[in-house]
Amino acid sequence: MHTVVEREVEARLVLAPERSVAVPARLSYRTDDPYAVHMAFHIHSETPVHWTFARELLVEGLAQPCGDGDVRVWPTCVGGRNVLCLALSSPNGDALLETPSPVVAAWLERTLRVVPPGSEPEVLGLDKQLSELLEQ
């Protein structure tokens, strides 16, 4: 049986330095995919926009800028609030989102209690699967 850790978060889509709009989002972590986090943004469409990236990227991004390519993450302070910035790039366009750092940190802490860093291979059962494969 797999565990799911979810959290609704109010992200802000940055349109200009002094202008942003609210974008409801959901953070999801599943033990059947222990290296990844999933984020669904509920924009004004029938289906949410989904992004999947490494959990470690968010963990590191809470402390310092990190990431290459499609997903970059960094901490900052906006209007006296600690926020986590997510720069997302795709062939369809780019987006800069801000989420409250304390909310993301608390959610990540829950995921780290469910699957501590370094224990992902055990959760996936890779050693067992490899042993079974080699026994054949």
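Our subject is the structure that appears above.
Just so it is clear, the structure is predicted and the values come from calculations on it, not from any experiment.

Rules and cut-offs
- Residues numbered from 1 in each chain as written.
- Predicted model: local features only at pLDDT ≥ 70, side-chain atom pairs only at ≥ 80, totals over all residues.
- Heavy atoms only, no water.
- Pairing = 2+ DSSP bridges.
- Helix = DSSP H or I, 4+ residues; strand = E, 2+ residues; numbered from the N terminus.
- Axes fitted to C-alpha atoms, helices over the stretch in contact; angles between N-to-C directions.
- Core = buried A, V, L, I, M, F, W, Y, C linked by side-chain atoms within 4.5 Å.
- Buried < 20%, exposed > 50% of the residue type's maximum accessible area, 1.4 Å probe, protein only.
- Contact = heavy atoms within 4.5 Å.
- 1 Å grid on protein atoms, 1.4 Å probe; cavity = no way out; pocket = protein on both sides within 12 Å on 5 of 7 lines; lining within 4 Å.
- Points joined across faces, edges and corners; volume = space filled by probe spheres on them.

### Focus on the sheet that holds strand S2 (residues 19-30)
Right, so step 1: The sheet built from 7 strands is open, its strands ordered S4-S3-S2-S1-S7-S6-S5 with antiparallel pairing. Edge positions in the open sheet fall to strand S4 (49-54) and strand S5 (71-78), since each of these has one partner strand only. The average undirected angle you get between the axes of adjacent strands in this sheet is 30 degrees.

### What about the nonpolar core?
Right, so step 1: Core analysis: the biggest nonpolar cluster contains 26 residues, and Met39, Phe41, Phe53, Leu58, Val71, Val73 and Trp107 have the highest contact counts within it.
Right, so step 2: Secondary structure elements with two or more residues in this core: strand S1 (4-16), S2, strand S3 (36-41), S4, helix H1 (55-61), S5, strand S6 (81-90) and helix H2 (101-114).
Right, so step 3: Dropping the residues within four chain positions of it, tryptophan 107 is found in contact with Val5, Glu6, Arg7, Leu27, Ser28, Tyr29, Val37 and Leu58.

### What to know about the pairing of S1
Right, so step 1: Here S1 pairs with S2 via 12 bridges, running antiparallel. Residue pairing across strands places valine 5 opposite tyrosine 29, the latter belonging to S2.
Right, so step 2: In sequence, S1 turns back onto S2 through a hairpin of 2 residues.

### A few points about the layout of surface pockets
Right, so step 1: In this structure, the largest pocket occupies an estimated 270 Å³ of space.
Right, so step 2: For the largest pocket, the lining is made up of 14 residues, of which Val49, Trp51, Leu88, Ala95 and Leu97 are closest to its centre.
Right, so step 3: Taken together, the elements giving at least two residues each to the lining of the largest pocket come down to S4, S6 and strand S7 (93-100).

### Some words on the pairing of S3
Right, so step 1: Among the 6 residues in S3, 6 count as buried, and that is most of the element.
Right, so step 2: Side chains Ala36, His38 and Ala40 of S3 all project onto a buried face; the interleaved residues Val37, Met39 and Phe41 project onto the opposite face, where all are buried too.
Right, so step 3: Note: S2 against S3, 4 bridges, orientation antiparallel. Bridge pairing in S3 links alanine 25 to phenylalanine 41.
Right, so step 4: In this structure, the hairpin formed by S2 and S3 is closed by a connection of 5 residues.
Right, so step 5: Where S3 lies against S4, 6 bridges are found, and the strand directions are antiparallel. When the sheet's bridge partners are listed, alanine 40 is paired in S4 with histidine 50.

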